[in-house]
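Each chain, letter by letter, is given below.
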Amino acid sequence: MAGKFNGAVPAPSVEHGYHFHFGNVEKKINSTKAFDYSVLKDEERCDFKKPTSMEHPVIYCTINSINISPQWNYCQCEETKSFYWITDITTLRANIWQISLSIDPLATYRDTILKTKAFIEYGFNSDASGAQFRLQDARQNVARKPTVSSSEVDTCPGTISASGCYVLSAVGKNGLQAYALSRTQLATLLKLLSTTWLAETAAMVKWEVALPQFMNNLLFGGNATENIRSCIWIPVDDGLVGTGGGLITLGQFDTGITAPVVSANSNKVHVVDIPIPWPAEDWKRMNCQIQLYVPFIGVVGIPVDQCNDAASVTVITAFSFIDGGVSVKIQAGDYTVYTGSTNISSPYGIGSSNYDPGKGLGAAVTAVGAAMTFGGGRFAGAAVAGMSALGGAFTDGAVGGAVGQAAAQAIQPITQSVGSLTGASQVYLPLKAKLTLLYYPPIDDPGYQGLYGYPVMRVATPVEGYCKTRDFSCQPVGAMPDEIAYINRCMDAGVFIE
């Protein structure tokens, strides 16, 4: 039994007498909030005369309650410094009340909880150093419809031209060279290669006049098409391609056409920054998706966690005009987000000719051989001298017949083609790189974060505010095992540190 101490009865020893301070408080059930005696104004002196638990004690008080019954919900034991929830108040008879208590471990062992290091999942979002923790808050719902923002820049060096230019690679007197030709220059070259000796010498009657021209075209002009390695069309203004001027030679055949020489120095590298239109700071950036359209490459997905601290994305584009190759490197800060390559060239069919170097050379040898044979050897020196002294030898029927037969074999119309004719359709797509950011804003963001804090995911000690831990384990002095287990469960479920 316990009664209100009024000084009439000698105070018993502390072993049997305890002071309980009662009152009504506002407190969350999952809170470490503790109260001092000034808040718990009603004091009762209790003498335990019956067996009772100190974790869930039952005490009896004599309280004059003519007007109203006790309305307390919380109390503290002064001697043990323990806090209790009042779970039940029962009237036994007039002015005699039974009060059932249950210990509040979160408030009782608050100091130990605040000193315990633990893995904190949610709570504060910065420490004493001011470090920010940008972690996505998986507890919050996000809007179904994103907020879309974008930015775009030109990543191409110079003018992309619909007419473009032609890059011809050929072996000539200066080795393997590449030349940048306009459409007009290419047409002139094709016309030159397709002109036959027969058309040029149709008006010539005498073989001694026609044969040197025929041999020149046959041995040099026919061989020219074999020395063309490739011809591509690229959709770039020809003013960007090539430097200086070089005479186009195909083998030993001098075309007489001059065009800019395309070399490694002609390649271009273009570096540009695309700003990231971040809609939010801190962990909310993790609610974003970023897509980057790169001309000639396609759409590249950029992981947000790899560019969270970057204000922009850098696109490095390298153009090779020799083969039409385009290589792209995308980076956010020092982190490489993407590398890739493609080709913007279109192989152009070229090399039409009436000369077959294999057959033509054989026919020429036959023709010269016939002349030498029927001339008794006197035409050998003349042949070496350019065959200008053949004179009337071709009036001989046998010789003329041999030459005519060989010439007819040499000029059979044939077609030699290097490459094909295909399109480069990607040049008609947008030529500006465009970064698109989709942001899914959290629902009820300010109210929720203000109450439940931010994701932390680091080892620290709890601070004021909401705190949720993982595998919390404290060791308060004097706590019972079930009290420690209760604290650990509460901290892992989420507790308001107050």
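Residues numbered from 1 in each chain as written. Predicted model: local features only at pLDDT ≥ 70, side-chain atom pairs only at ≥ 80, totals over all residues. Heavy atoms only, no water.

Draft legend 1. Local environment of the overall build of the protein chain. Across its full length, the protein chain carries 10 helices and 24 strands. The proportion of buried residues among the 498 residues of the protein chain is 44%. Put simply, of all contacts in the protein chain between residues at least 6 apart along the chain, 74% involve residues at least 24 apart. (Helix = DSSP H or I, 4+ residues; strand = E, 2+ residues; numbered from the N terminus. Buried < 20%, exposed > 50% of the residue type's maximum accessible area, 1.4 Å probe, protein only. Contact = heavy atoms within 4.5 Å.)

Draft legend 2. A look at the sheet that holds strand S1 (residues 17-23). Spatial ordering of the open sheet is given by S2-S1-S4-S5-S6-S3, a layout of 6 strands whose pairing is antiparallel. On the outer flanks of this sheet lie strand S2 (42-47) and strand S3 (58-62), each paired with one strand and no other. Neighbouring strand axes in the sheet, compared pairwise and without regard to direction, differ in orientation by 35° on average. As defined by bridge partners, S1 adjoins S2 across 6 bridges and the pair is classed as antiparallel. Looking at S2, one finds that His19 is bridged to Arg45. (Pairing = 2+ DSSP bridges. Axes fitted to C-alpha atoms, helices over the stretch in contact; angles between N-to-C directions.)

Draft legend 3. Quick peek at unusual backbone geometry. A positive phi angle, close to 75°, is found at Phe296, a residue other than glycine. As for its position among the elements, Phe296 is in the loop between strand S15 (288-294) and strand S16 (298-302). Residue Asp471 is not a glycine yet carries a positive backbone phi of 60°. Locating Asp471 in the fold gives a position in the loop between strand S23 (465-470) and helix H10 (481-493).

Draft legend 4. Highlighting H10. An ideal rise of 1.5 Å per residue puts 18 Å on 13 residues; H10 measures up with 18 Å between its terminal C-alpha atoms. Considering only its buried residues, H10 is in contact with strand S6 (96-103), helix H1 (105-108), helix H2 (110-115), S23 and strand S24 (495-497). Once H10 ends, the next one or two residues include Gly494, with phi positive near 120°. (Expected span 1.5 Å × (residues − 1).)

Draft legend 5. Inspection of the nonpolar core at higher detail. Of all hydrophobic cores here, the largest spans 62 residues; its most connected members are Val241, Ile290, Leu292 and Ile330. Sort the elements by how many residues they give to this core and strand S11 (residues 228-236) lands first, with 6 residues. (Core = buried A, V, L, I, M, F, W, Y, C linked by side-chain atoms within 4.5 Å.)

Draft legend 6. Spatial organisation of the sheet that holds strand S19 (residues 335-343). The strand order across the open sheet formed by 4 strands is S14-S17-S18-S19, and the pairing between neighbours is antiparallel. Looking at strand neighbours, the two that pair on one side only are strand S14 (268-275) and S19, the edges of this open sheet. Sheet twist, expressed as the mean angle between neighbouring strand axes with direction ignored, is 15°. Here strand S17 (residues 312-320) runs beside strand S18 (residues 325-332); their pairing, made up of 7 bridges, is antiparallel. Within S18, the position partnered with Phe319 by the bridge is Val326.

Draft legend 7. Local environment of the pairing of S11. For S11, a buried count of 7 out of 9 residues is recorded, marking the element as mostly surrounded by other parts of the structure. By the bridge criterion, 2 bridges tie S11 to strand S20 (residues 346-347) in an arrangement that is antiparallel. Each bridged residue has a counterpart across the sheet, and for Ile232 the counterpart in S20 is Pro347.

Draft legend 8. Spatial organisation of the packing of aromatic side chains. Counted by the stated rule, this structure contains 12 aromatic pairs. Measuring from centroid to centroid gives 6.0 Å for Tyr452 and Phe496, while their planes differ by 45°, and the two rings are tilted. Placement of the pair is Tyr452 in helix H9 (residues 445-452) and Phe496 in strand S24, with a sequence separation of 44 residues. The exposure class of Tyr452 is partly exposed, given its relative accessible area of 28%. For Phe496, a relative accessible area of 9% gives the class buried. Feature note: the residues Phe20, Phe22, Trp72 and Tyr84 constitute an aromatic cluster, connected by ring pairs. (Phe/Tyr/Trp six-rings, centres within 6.5 Å; stacked < 30°, edge-to-face > 60°.)

Draft legend 9. View of the side chain of Asn287. Here Asn287 is to be found in the loop between S14 and S15. Asn287 sits in the buried class, given a relative accessible area of 6%. Setting aside anything within four residues of it in sequence, one finds Asn287 in contact with Gln136, Val142, Leu438, Tyr439, Tyr440 and Pro442.

Draft legend 10. Geometry of the pattern of salt bridges. Tallied over the full model, the rule gives 4 salt bridges. For Asp137, the salt bridge is made with Arg139, and the minimal N-O distance between the two is 2.9 Å. (Salt bridge = Lys/Arg side-chain N within 4 Å of Asp/Glu carboxyl O.)

Draft legend 11. Structural detail: the side chain of Gln140. Relative to the elements of secondary structure, Gln140 occurs in the loop between strand S7 (118-123) and strand S8 (147-154). Overall, Gln140 belongs to the buried group, its relative accessible area being 8%.

Draft legend 12. Examining the confidence of the model for the protein chain more closely. On average, residues of the protein chain score 76 in pLDDT, and 73% of them are at 70 or above. Overall, residues 1-14 carries pLDDT values under 50, and its contacts beyond four positions in sequence, including any with other chains, amount to 23 contacts. Low confidence marks residues 196-202, where pLDDT is under 50. Its contacts with residues over four positions away, or in another chain, come to 14 contacts. (pLDDT = per-residue confidence, 0-100.)

Draft legend 13. Focus on the pairing of S23. Note that S7 and S23 share 3 bridges and pair antiparallel. Looking across to S23, one finds that Tyr122 is bridged to Lys468. When S23 meets S24, the two strands line up antiparallel, connected through 3 bridges. Following the sheet pairing, Tyr466 is matched in S24 by Phe496.

Draft legend 14. Spatial organisation of the environment of Tyr84. On the secondary structure map, Tyr84 appears in strand S5 (residues 82-93). Distance in space between the C-alpha atoms of Tyr84 and Ser102 is 5.2 Å, their sequence separation being 18 residues. Within the local environment of Tyr84, its side chain forms a polar contact with the backbone oxygen of Met54, the two atoms lying 2.8 Å apart. (Polar contact = N/O pair within 3.5 Å; in protein donor to acceptor, adjacent residues only side chain to side chain.)

Draft legend 15. Spatial organisation of the state of the cysteines. For the structure shown, the criterion picks out 0 disulfides. For Cys75, which is in no disulfide, the shortest distance to another cysteine sulfur is to Cys77 and amounts to 8.1 Å. A relative accessible area of 0% means that Cys75 is categorised as buried. (Disulfide = S-S within 2.5 Å.)

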